[in-house]
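Residue-level structure breakdown
Residues per chain, in single letters:
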Amino acid sequence: AAGRLGTVILYLIRHGETASNRDRLGLGRADVPLTLRGERQADAIGARLAREHIERILVSPLGRAIATANAVRRERPIALEVREDLLELDVGVTEGMTFPDMRAQHPEFFAAWAGADGADTVMPGGESLRHVYDRVTPLIGELRAAPEAVLAVVSHNFVTRVAICLLLGLELDAWRTFSTDVASICSFELRDGRAIARALNDTCHLARLGTP
């Protein structure tokens, strides 16, 4: 449904599956495509949101996000708004690595990442979640100040988790307390500067696809 007077309806969408997601490999800035299943997931997101009066779609520059955003756009007469601030966390040298290999080759990083200061721990050769927080913060401020509209933001796991923390006024360390699965949708109402969560990590639209 379209936003009510003074209300912004916001959908945070994580892209569909890639081979890296499927194989549980580190994935950050590598521009990998959706798998066939990921394409079907993107289509399912598009079908789920087909009746929503989405007026703007903001999207990460990476191909997996753009492919998902195009499935959301469908026949809507709007252009995708590609935003560099929606790029995924730069995971540095851990790109494409298995988690056991990360743990074996970078034990000090892995211990710090899993600890209390994980959000401020810099990925080897990459960035920290705090860096993502700093670049996503102005975008969330922009969305809070948007006129009445229905908006979709298509991005990535860590970007979406950081955005949820910002919207709900949570400390960044709270990113570990919820999940954002591939092809999930989180929805919010933004009213008077406040965000009201309507759904988190919604994957009901994927049920017809069955298990991988």
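Here, the structure is the one placed above.
These notes cover the structure that comes with them. Model, not experiment: these values are computed from the prediction. (Residues numbered from 1 in each chain as written. Predicted model: local features only at pLDDT ≥ 70, side-chain atom pairs only at ≥ 80, totals over all residues. Heavy atoms only, no water.)

What follows deals with the packing of aromatic side chains. One pass over the full model with this rule turns up 4 aromatic pairs. Their ring planes at 70° and their centres at 5.7 Å tell us that Phe-158 and Trp-175 sit as a pair that is edge-to-face. Of this pair, Phe-158 sits in helix α7 (residues 157-168) while Trp-175 sits in the loop between α7 and β5 (185-191), and the two are 17 residues apart along the sequence. Under the relative-accessibility criterion, Trp-175 is labelled buried at 6%. In textbook terms, an aromatic cluster arises when at least three aromatic residues are bridged by ring pairs, as seen for Phe-109, Trp-113, Phe-158 and Trp-175. (Phe/Tyr/Trp six-rings, centres within 6.5 Å; stacked < 30°, edge-to-face > 60°. Helix = DSSP H or I, 4+ residues; strand = E, 2+ residues; numbered from the N terminus. Buried < 20%, exposed > 50% of the residue type's maximum accessible area, 1.4 Å probe, protein only.)

This part takes up the pairing of strand β1 (residues 7-14). With respect to burial, β1 is a largely interior element, 8 of its 8 residues being buried. Neither face of β1 is exposed, since Thr-7, Ile-9, Tyr-11 and Ile-13 on one face and Val-8, Leu-10, Leu-12 and Arg-14 on the opposite face are all buried. Looking at chain direction, β1 and β5 are connected through 7 bridges and run antiparallel. Counted as the bridge partner of Ile-9 is Glu-189 from β5. Bridge count for β1 against strand β4 (residues 149-155) is 7 bridges, and the pairing is parallel. (Pairing = 2+ DSSP bridges.)

In this structure the tally under the stated criterion is 0 disulfides. Cys-165 forms no disulfide, and the closest cysteine sulfur to it belongs to Cys-186, at a distance of 11 Å. Using a relative accessible area of 1% as the deciding quantity, one classes Cys-186 as buried. (Disulfide = S-S within 2.5 Å.)

Tracing the backbone shows Pro-124 in the loop between α5 (107-114) and α6 (129-144). For Pro-124, a relative accessible area of 18% translates into the label buried. Measuring from C-alpha to C-alpha, the distance between Pro-124 and Asn-70 comes to 33 Å, with 54 residues separating the pair along the chain. Once residues lying within four places of it in the same chain are set aside, the contact partners of Pro-124 are Val-91, Gly-92, Val-93, Thr-94, His-106 and Phe-109. (Contact = heavy atoms within 4.5 Å.)

Following the sequence through the fold, Glu-148 ends up in the loop between α6 and β4. Measuring from C-alpha to C-alpha, the distance between Glu-148 and Asn-201 comes to 24 Å, with 53 residues separating the pair along the chain.

Here we come to the pattern of salt bridges. One pass over the structure, following the stated rule, counts 10 salt bridges. Residue Glu-142 is joined to Arg-83 by a salt bridge in which the shortest nitrogen-to-oxygen separation is 3.0 Å. Taken together, the residues span a long stretch of sequence, with Glu-142 in helix α6 and Arg-83 in the loop between β3 (80-82) and α4 (99-105) at a distance of 59 residues. For Glu-142, a relative accessible area of 31% gives the class partly exposed. (Salt bridge = Lys/Arg side-chain N within 4 Å of Asp/Glu carboxyl O.)

Through backbone hydrogen bonds, the strands of a sheet pair up, either in parallel or in antiparallel fashion. If you walk across this open sheet you meet the 6 strands as β3-β2-β4-β1-β5-β6, and the pairing is mixed. The open sheet has two edge strands with one neighbour each: β3 and β6 (194-202). Strand after strand, the sheet turns through a mean of 20° between neighbouring axes, direction not considered. Judged from the 4 bridges that link them, strand β2 (residues 56-59) and β4 form a sheet pairing that is parallel. Looking at β4, one finds that Ile-57 is bridged to Ala-152. Lying over the sheet, α6 contacts β1, β2, β4, β5 and β6, oriented at roughly 175° with respect to β2. (Axes fitted to C-alpha atoms, helices over the stretch in contact; angles between N-to-C directions.)

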